[in-house]
Every structure is written in C-alpha cells, then in structure tokens.
Amino acid sequence: EDAKDWFDDRKKLQEQMESEPLYGKYAGKNIILIQAEAFQTFVIGQELGGQEITPNLNRLISQSVYFPNFYHQTGQGRTSDADFITSCSLHPLPTGSVFIRFAGNEFDCLPSILNEAGYDTTVHHAYDGSFWNRNNMYHNMEYAQFYSVKDYTIDEPIGWSLGDKSFFRQTVQQIKERGEKPFYTFAISLSSHHPFKLPTSSTKFNVGEFTGTTFGYYLQAAHYVDEAMGDLIEDLKQNGLWDDTILMFYGDHDNSLYDMKPYEKLLGRSMTDLEKAEAVRRVPFFIHLPGDDQAGTTIDKAVGQQDTAPTLLHLLGIPVKDRYMMGISMLSKAEKPVIFRNGEYTDGKVYYVPGSDGLPEHGECFSVPASEKLEPAVCKAGAEAAKKALAVSDRVVENDLIARFRKDDAEKR
Ligand code: GP9
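Residues numbered from 1 in each chain as written. Predicted model: local features only at pLDDT ≥ 70, side-chain atom pairs only at ≥ 80, totals over all residues. Heavy atoms only, no water.

Under an unreviewed UniProt entry, the name given to the chain is LTA synthase family protein, and the organism recorded is Cohnella faecalis. Recorded in UniProt under Pathway (unreviewed entry), the annotation for the chain is "Cell wall biogenesis; lipoteichoic acid biosynthesis." Quoted verbatim from the Sequence similarities (unreviewed entry) field of the UniProt record, the comment on the chain reads "Belongs to the LTA synthase family." (UniProt positions renumbered as here; feature names shortened; annotations may be inferred.)

Caption draft 1: Expanded view of the sheet that holds strand β18 (residues 364-367). Read across the sheet, 5 strands follow the order β15-β16-β17-β18-β19 without closing on themselves; strand pairing throughout is antiparallel. Single-partner strands in this sheet number two, and they are β15 (338-339) and β19 (373-374). Note: β15 against strand β16 (residues 345-346), 2 bridges, orientation antiparallel. Residue pairing for β16: Ile339 is matched across the bridge by Tyr345. (Pairing = 2+ DSSP bridges. Helix = DSSP H or I, 4+ residues; strand = E, 2+ residues; numbered from the N terminus.)

Caption draft 2: Looking closely at helix α12 (residues 376-398). The end-to-end C-alpha distance of α12 is 31 Å, a good match for the 33 Å that 23 residues give at a rise of 1.5 Å each. In the structure, α12 departs most strongly from a straight axis at Gly382, where the bend amounts to approximately 30°. Of all the positions in α12, only Cys379, Gly382, Ala383, Ala386, Ala389, Leu390, Val392, Ser393, Asp394, Val396 and Val397 are classed as buried. Asp400 lies just past α12 and shows a positive phi near 55°. (Expected span 1.5 Å × (residues − 1). Bend = angle between axes of the 7 residues up to and from the residue. Buried < 20%, exposed > 50% of the residue type's maximum accessible area, 1.4 Å probe, protein only.)

Caption draft 3: Layout of the UniProt feature "binding site: Mn(2+)" (unreviewed entry) in the chain. According to UniProt, the feature "binding site: Mn(2+)" (unreviewed entry) maps to Glu37, Thr79, Asp252 and His253 in the numbering used here. Separation in sequence by 217 residues is not matched in space for these annotated residues, since their most distant C-alpha atoms are only 7.5 Å apart. Other than its neighbours up to four places away in sequence, Glu37 contacts Thr79, Ser189, Leu190, Ser192, His193, Asp252 and His253. Relative to the helices and strands, His253 resides in the loop between β11 (245-251) and α9 (261-267). The class for His253 is buried, based on a relative accessible area of 4%. Leave out the neighbours within four places in its chain, and His253 touches Glu37, Ala38, Phe39, Gln40, His72, Thr74, Arg78, Thr79 and Val283. (Contact = heavy atoms within 4.5 Å.)

Caption draft 4: How the structure looks around the environment of Thr213. Locating Thr213 in the fold gives a position in the loop between β10 (183-188) and α8 (214-238). For Thr213, a relative accessible area of 31% corresponds to the partly exposed category. Separated by 49 residues in the primary sequence, Thr213 and Pro262 have C-alpha atoms spaced 9.7 Å apart.

Caption draft 5: The arrangement of the state of the cysteines in detail. Applying the stated criterion across every chain, the model contains 2 disulfides. The disulfide that involves Cys88 links it to Cys109, with 2.1 Å between the sulfurs. Across the S-S bond linking Cys88 and Cys109, the dihedral sits near 100°, which makes this disulfide right-handed. With Cys88 in helix α3 (residues 78-88) and Cys109 in the loop between α4 (98-101) and α5 (110-116), the pair connects residues that are 21 residues apart, well separated along the chain. Exposure class is identical for Cys88 and Cys109. Each is buried. The partner cysteine of Cys365 in its disulfide is Cys379, sulfur to sulfur 1.9 Å. (Disulfide = S-S within 2.5 Å.)

Following this line, the structure appears as structure tokens:
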C-alpha cells in the first residue's frame, strides 16, 4: 500500500504532460532509440588538437532537442540496468541486475505498451542473446523480435563482435524487411566497450598526447561511434526512413575511467568537486524529431534515464499515469529530482553525495553549478525522498508488485 501510494502521488506529476504542447503530436511516427555503450557527455562539443571528437553528433544535436543535464542511473547491472531503467522507468537493484534476477516479473515497459499502440517492436544487439539474460527478459518485455549476433553477418569484426557501422547498416536492412506497421527499434551499440582499443584500420583519429593510453582509446572509440551515427543518418535518409522517424540517443553508463587527470588535461583546466562527482554520471541524450522540429532546443532541467519512456509516450500521446513508471516526461514543465542507485541525487539546484554511513547529515551537499559546499541540512529532505524512491522501486521489483497493483486495479474497475 505504501508503494502504491508513492505511485499515486507520482501520477499527479505524470498527468501534467497530457495538457502540454507536443502531447501526441508525433503519434504513429517511427521510433529509433539508440543506447550507446559507455558513451559519456564530456566528448560532446569537445575538441582535441583542433578536431571535434563527435562532429556528427554535434551537428545532429543542433537539429534536435538536447538535454545537457541528463544522467545515467545504472548500478551493478550496467548495460542491462540502462536498458531496464530506460524501457521500464524504475530503478535498478542495489545488487545484481533485474534482467538476471527478476526477468519473470511484470513491468510496464515500452515494448508491450507500444505493441498495444500498433507498433512493430524490435530490439537489436550484435552479441550473444543469453548475455545479461536478454533472451528471457526481452521475451517478457514482449518485443516482437530480438535480433542478436546470430542475425548479423560479422563483416566488420571489432572487439566483442561486430563494429557499430556494420551493426547499424544491417539493423536498417532488418527494419526495412519488416512489415508496414510503424516501428519501434531499440538498438544497443557495442564498439565503445572497455577497453576501447579499436583496430588501427577502424580509426584515424589522432589523440595526440593521449596516444597509447586507455583514455586515448576511449576518445578514438567515441569518434568511431560518432562516424557510425553519421553513416546511420545517411543510410536512413537513403532508405526513405528519416523523415517519419523520431531518433533518440543516449549513453548507457560511464566508461569506468575514474582518474580525473586525463579529463582535466583534455578540458585544459581543473574540474570542480561537483564536476568530478558528476563526471561519471553524465551521459548525452537528445531527441531528433521529424522535419527537424524544435531544432536547437535545449532543455536544462535535471533529467535521467528513468524519464526516457515517459518522454517518448508524451510525444506519442500515450498516458503514463495508467502505468507503473517512476519517471516523468522530460518535455513536461513538471520537475522532480534525478536519483542515483547509491542514494546520490540532483534536482538541478543541489547535488547530494551520501556519506559512507548513508546518513544525510554526513553527506556532502553542493550547489549547482557553482559547486559551493552547502550545509548537509539543505539536502536532507531530498536525500530522504531519494532513499524512499529507491526502497519503493526495490519492493516493487523484488516482490512483483506491479502484477498485484494491476490485479487490484482490475478488481476496482
Ligand atoms: C554486451 C554488452 C556489454 O552484450 O551489453 O554490457 P556491459 O559489460 O557494458 O554491461
């Protein structure tokens, strides 16, 4: 009942989008959602030796709606957590991955919602279908089809399997071969996976003083992913799929490089305590709308992966308040903090980092963006609300409460 009350309260924020601009404006449009491996925000708009690291993404962002304060919210389940948070709008678990531990439970995830709305829903990832228990979880999420490594020709071997350039090219062909319905395509890239080192034939990007370092390999991998994205856009245009498609892009989690010195070297300045705390949380997110609608719009509010599904439903005109999702539309005027698995949170005005004992009075509270240390009391109520939201999510996931909520809802009708 306590968890149900939490959701009832959240619904008040979620329903605001229904009377806001853009609600339902893109109903029936195709959707491509790209989850980019270990792709962090600091490479966006950044130059190295006079060259842009991500020229294609920079251009695309200028034609899109961009969220510079978007954060990943993953835990130990890494890529699978990003997928779960984004598609199902809940928190990951304190230990392990929902995909592995609770793949049989009921959730309100995008594929089943979009199936009901008449979409053809597919997920594409050129790796072993059993990794992260994807075969089972995707079946439960009700994707119409999961294209795994066995559905791809390995004609560009990179890292764990197939290079992103070929992966995107073959994914476009797979979409084309499907029927007439509007499509929802979720594509998970892989080439920028740790340890990032690409074959020399795949990258000519000169990383100067970072040459031969893991950080340098990361920059080269990010540049390669950017080229793959540039090729994907061209391919979609050539195949007549660009004009009627909403394209969304986000980074799944950090790159596991936690020494801040190379970041400071790249930026050419020292980073504030806040920037250091946030560095591993910031991943890019943008939405390209058909016809370059809303091009150049920047929305500054603090948002996270959990808000992605509600944002997409906002554009399609599908209410969120009838579902059990924790996020709210990023396009809505409604606001709420972004909560991280370790109890950190930010609402765009403060950024809170818990102490080792988890007590708010022992945590650190920063002003955003000035990075001034505030009295812990300023963040106390937010820290407690964050703890509560995480506990509600855990209770829901671990006890299959959405199944129970739905049963109760049906009985009341
Ligand atoms: C492999 C890919 C990597 O299929 O999803 O997952 P990660 O190791 O980044 O969690």
